[in-house]
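# Remarks on the overall topology
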Amino acid sequence: QETDIVSIVKPITKYAKLVKNLDDLIDSLFEAFSVALADRQGPVLLDVPMNVQKEKLTEIQKQKFFNAYEKFESSTPNRGTCQWSVPRPTTTIVNF
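This structure is a prediction, so every number in the text was calculated from the model and none was measured.

Scanning the protein chain from N- to C-terminus turns up four helices and two strands. N-terminal to C-terminal, the α/β element order of the protein chain is α-β-α-β-α-α. A buried classification covers 28% of the 96 residues belonging to the protein chain. Taking contacts inside the protein chain between residues at least 6 apart in sequence as the whole, the part at least 24 apart equals 64%.

Now for the confidence of the model for the protein chain. Of all residues in the protein chain, 77% have pLDDT values of 70 or greater, and the mean over the chain is 82. Counted against residues more than four places away or in other chains, residues 91-96, with its pLDDT under 50, gives four contacts.

Side-chain direction in a regular strand flips from residue to residue, so the side chains alternate between the two faces of the sheet. Pairing geometry for strand 1 (residues 15-18) and strand 2 (residues 44-47), over four bridges, is parallel. Residue pairing in the sheet places Ala 16 in a bridge with Leu 45 of strand 2. Crossover strand 1 to strand 2 through helix 2 (residues 22-37) is right-handed.

Tracing the backbone shows Ser 28 in helix 2. Here Ser 28 is in contact with Tyr 15, Lys 17, Val 19 and Leu 46, once residues within four sequence places are set aside.

How each quantity is defined
- Residues numbered from 1 in each chain as written.
- Predicted model: local features only at pLDDT ≥ 70, side-chain atom pairs only at ≥ 80, totals over all residues.
- Heavy atoms only, no water.
- Helix = DSSP H or I, 4+ residues; strand = E, 2+ residues; numbered from the N terminus.
- Buried < 20%, exposed > 50% of the residue type's maximum accessible area, 1.4 Å probe, protein only.
- Contact = heavy atoms within 4.5 Å.
- pLDDT = per-residue confidence, 0-100.
- Pairing = 2+ DSSP bridges.
- Right-handed = clockwise from strand over helix to strand, strands pointing away.

Structure (structure tokens):
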């Protein structure tokens, strides 16, 4: 039996969500970063079940991820002290 961690942490986070599939993860990841860094920075939670963690990204999903990343980068000029970077690979280094 699993614990409903999303319901537990909702009162103490700015954003909490259960991710149901990879497409949902891509959308939720950038939403979580945006919320965490907006106004007064604060904690967020994405609950990613093991079955979603084990899924492999399709080429379309990889492109969707990089498009969302570029949109996030251009629309978030003040990210505070949060530093992260996802370089666009020229060759496949990690199999998603």
